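Per-entry structural report
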Amino acid sequence: MTDSNLIKTGVIGLGTMGQGMAANLQRSGALAGAWNRTRSRAEAFADEHNCTLFDDPTSLAAGCELIITSVSADNDLLQVVDQLLSGLALGKVVLDTSTVNSETAREAARRVTDRGALFLDAPVSGGSEGAINGTLAMMVGGDAATLDRLRPTLTAITNSVTHMGPVGSGQATKAVNQIMVAGINQAVTEALAFGQQQGLDMHKVIEVVGGGAAGNWFLDHRGKTMVNNSFTPGFKLALHNKDLEIIRQMAAQLGVELPIVEMTLADYRSLLNEGHGEEDISTLFHHKRDLFSDG
Ligand code: NAP
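None of the values given here were measured: they were computed from a predicted structure.

Rules used throughout
- Think of each chain on its own: its residues are numbered from 1, step by step along the sequence as written.
- Predicted model: local features are reported for residues with pLDDT of at least 70 only, side-chain atom pairs are reported and counted for 80 or more only, and whole-chain, interface and lining totals are derived from all residues.
- Excluding hydrogens and water, the side-chain figures rest on all heavy atoms present in the structure.
- We count a stretch as a helix when DSSP gives it H or I for four or more residues in a row; a strand needs E for two or more, and each element gets its number in order from the N terminus.
- Multiplying one less than the number of residues by 1.5 Å gives the expected span of a helix.
- Exposure is judged per residue with a 1.4 Å probe applied to protein chains only, and the accessible area is read against the type maximum: over 50% gives exposed, under 20% gives buried, and values in between give partly exposed.
- Buried Ala, Val, Leu, Ile, Met, Phe, Trp, Tyr and Cys residues that are joined via side-chain atoms within 4.5 Å together make up what is termed a nonpolar core.
- Whether two residues are in contact is decided by their heavy atoms, any of which lying within 4.5 Å being enough.
- UniProt positions are given in the numbering used here, feature names are shortened, and annotations may be inferred rather than shown by experiment.
- Here a residue is considered near a molecule or strand provided that any single heavy atom belonging to it is located within 4 Å of it.
- Counting of polar contacts relies on pairs of N or O atoms within 3.5 Å, with two restrictions inside protein: one atom must be capable of donating a hydrogen and the other of accepting it, and residues adjacent in sequence are counted only when both atoms are side-chain atoms.
- A 1.4 Å probe and the Shrake-Rupley method give the accessible areas. Residues count as covered only by the protein chains that appear here.
- Following the grouping adopted for this structure description, the nonpolar residues are Ala, Val, Leu, Ile, Met, Phe, Trp, Tyr, Cys and Pro, the charged ones are Asp, Glu, Lys and Arg, and the polar ones are all others, Gly among them.
- Source of the domain bounds: an automatic or database domain assignment.

1. Digging into helix α12 (residues 259-273)
Compared with the 21 Å implied by 1.5 Å per residue over 15 residues, the 21 Å span of α12 between its first and last C-alpha is a close match. All buried positions along α12 are accounted for by Val261, Thr264, Leu265, Asp267, Tyr268 and Leu271. Just downstream of α12, Gly275 is the residue with a positive phi angle, here 90°.

2. Topic: the nonpolar core
If you look at the biggest cluster of nonpolar residues, it comprises 33 residues, and the most contacted ones within it are Leu25, Ile68, Leu95, Met138, Leu150, Leu154 and Ile157. Elements with a minimum of two residues in this core: α1 (16-28), β2 (31-35), α2 (39-49), β3 (66-69), β4 (93-96), β7 (136-141) and α7 (144-154). Among the elements that take part in this core, α1 stands out by supplying four residues, more than any other. Residues within four places of Leu154 in sequence aside, it is in contact with Ile68, Leu95, Met138 and Leu147.

3. What about the UniProt feature "domain: 3-hydroxyisobutyrate dehydrogenase-like NAD-binding" (unreviewed entry) in the protein chain?
UniProt feature "domain: 3-hydroxyisobutyrate dehydrogenase-like NAD-binding" (unreviewed entry): in the numbering of this structure it lies at residues 168-284. The span residues 168-284 shows a helical share of 69% and a strand share of 0%, and its end C-alpha atoms are spaced 30 Å apart.

4. Digging into the site of the ligand
Taken together, 27 residues surround the ligand, and among them Asn36, Thr38, Arg41, Ser72 and Lys236 come closest. At 3.2 Å, a backbone N or O of Gly234 approaches a nitrogen atom of the ligand. Protein burial of the ligand: of its 900 Å² of free accessible surface, 94% is covered by the chains. At the level of secondary structure, the elements contributing two or more residues to the shell around the ligand comprise α1, α4 (74-84), α6 (127-133) and α11 (237-253). Along the lines of polarity and charge, the residues of the shell around the ligand split into seven nonpolar, 13 polar and seven charged. For the shell around the ligand, the domains that each give at least three residues are domain 1 (9-165) and domain 2 (173-290).

This is the structure we're talking about:
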């Protein structure tokens, strides 16, 4: 540790997002070590970043004050929480950056607080680039004073941390984000497929449109890759599909069906069946191009 305000931190889950966060925490001096379910992935990361690996989630929790989790879905979060519980103690904090249901966040919080530790739901936005560059936007539910204590450490991975309210409100905010991501994906892939059919120079289209009122993050970061037929994640379609399923449940509890969510889930279902689940969500461009070849 190089700064006394930094909290000894461990990262559980070295996927697309977790690797970027762990690498930035290592550079800042806050990383005590990491753990990943697939050991070979953890070893490759440790070799590249010269970091310590813990043998299991329990020993990571025992050796760290702040435990950051980044796993795929609701059941995965509850599994790793159960695996780390016996390493927790009074004052330790579990901060989950995965995207899960608000109710799952509240359940994880119950399990963690039963051990005298604290839980914050802290989903992030900004994509794999945000994780690599340390510029994620983080929306946090839970105790505000606990979050304030973590802020100097979190500056390694975020450039914006917003306290939203009690546990679960971070995930509710992330759901808002994911509905917008669905609509933006629909709009950008459809518009660029249309542009291609007009015979336009699509790189010029992306530059000029991106500088005007329709400019947005997704167009800037995924426009050129999709027209170049590259769909490396990024953000896997299977994960966004999982988020939209969560949102569908949350909307159903209010007696509502959200049109953009339903349309995108239907598109994603067929893309999943066609084997595109591990590609970036911009793979929706395939379907939009098909609109023209079917016509
Ligand atoms: P990813 O690349 O698929 O990585 C998933 C990670 O979770 C891997 O380290 C995986 O371990 C681990 N994992 C999954 N199930 C597990 C279990 N049951 N027990 C232990 N570890 C488990 O996913 P990602 O893109 O990093 O996303 C992680 C989370 O962040 C997701 O909730 C996603 O929705 C959210 N998110 C992603 C983005 C993005 O742009 N990618 C942006 C914001 C938020 P293995 O290596 O063993 O498989």
